[in-house]
Amino acid sequence: MKKSVKWLILGTLGIILIFMIIGIVSFYSASLNHNQSPIEMVAFNSLTDEERALIPVSPKDSIVKRVPINDHIEKSIDKSYRKDEVYSVTFNNTETNSSGNLVVFIDLDRQTVLGKGAANK
């Protein structure tokens, strides 16, 4: 009888310990994702005041795409970048008389700004 009570207590403590570990891991991974800024805001925060003034509504009024690097993009980004793709964040309605919409190029880590340019008109 005493052995079965000990095993019952140890089993219950083991199950509680497993649930605590799962909870800690879940909380930790959720907090990592929560602290990551949306890619549009990373791009917006890299803009100058003049460039921000071109955005009529909100940074969320943009198009985010994962694109292969071409000659046009290569001229606008950091020369030491060695990956084949980038994220492009194109801010809608920022076109001027001399250039297309404002585009910011972001690394695949979704946090590092690689450069800026204008979309082809």
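An account of the accompanying structure is given in this report. Since we're looking at a predicted model, the values are computed, not measured.

**A look at the nonpolar core**
Ile 39, Val 42, Ala 43, Phe 44, Leu 47, Ile 55, Tyr 87, Val 89, Phe 91, Leu 102, Val 104 and Ile 106 together form the largest nonpolar core, which totals 12 residues. Among the secondary structure elements, those contributing two or more residues to this core are helix 2 (39-45), strand 2 (85-91) and strand 3 (102-106). Per-element accounting of this core gives the leading share, 4 residues, to helix 2. In this structure Leu 47 touches Arg 52, Ile 55, Phe 91, Leu 102, Val 104 and Lys 116, once residues within four positions along its chain are discounted. Core analysis: the second largest hydrophobic core is formed by 8 residues, Val 67, Tyr 81, Val 103 and Phe 105 among them.

**Here's the deal with the sheet that holds strand 1 (residues 62-68)**
An order of 1-2-3-4 is seen for the 4 strands of this open sheet, with the pairing classed as antiparallel. Each of the sheet's edge strands pairs with one partner strand only, and the pair in question is strand 1 and strand 4 (113-118). Strand-to-strand twist across the sheet, computed as the mean angle between neighbouring axes with direction ignored, equals 25°. Here strand 2 pairs with strand 3 via 4 bridges, running antiparallel.

**Some details on the side chain of Glu 40**
You can see Glu 40 is positioned in helix 2. Aside from chain neighbours lying at most four places away, what touches Glu 40 is Pro 59, Lys 60, Ser 62, Val 64, Val 89 and Phe 91.

Rules of the game
Residues numbered from 1 in each chain as written. Predicted model: local features only at pLDDT ≥ 70, side-chain atom pairs only at ≥ 80, totals over all residues. Heavy atoms only, no water. Core = buried A, V, L, I, M, F, W, Y, C linked by side-chain atoms within 4.5 Å. Buried < 20%, exposed > 50% of the residue type's maximum accessible area, 1.4 Å probe, protein only. Helix = DSSP H or I, 4+ residues; strand = E, 2+ residues; numbered from the N terminus. Contact = heavy atoms within 4.5 Å. Pairing = 2+ DSSP bridges. Axes fitted to C-alpha atoms, helices over the stretch in contact; angles between N-to-C directions.

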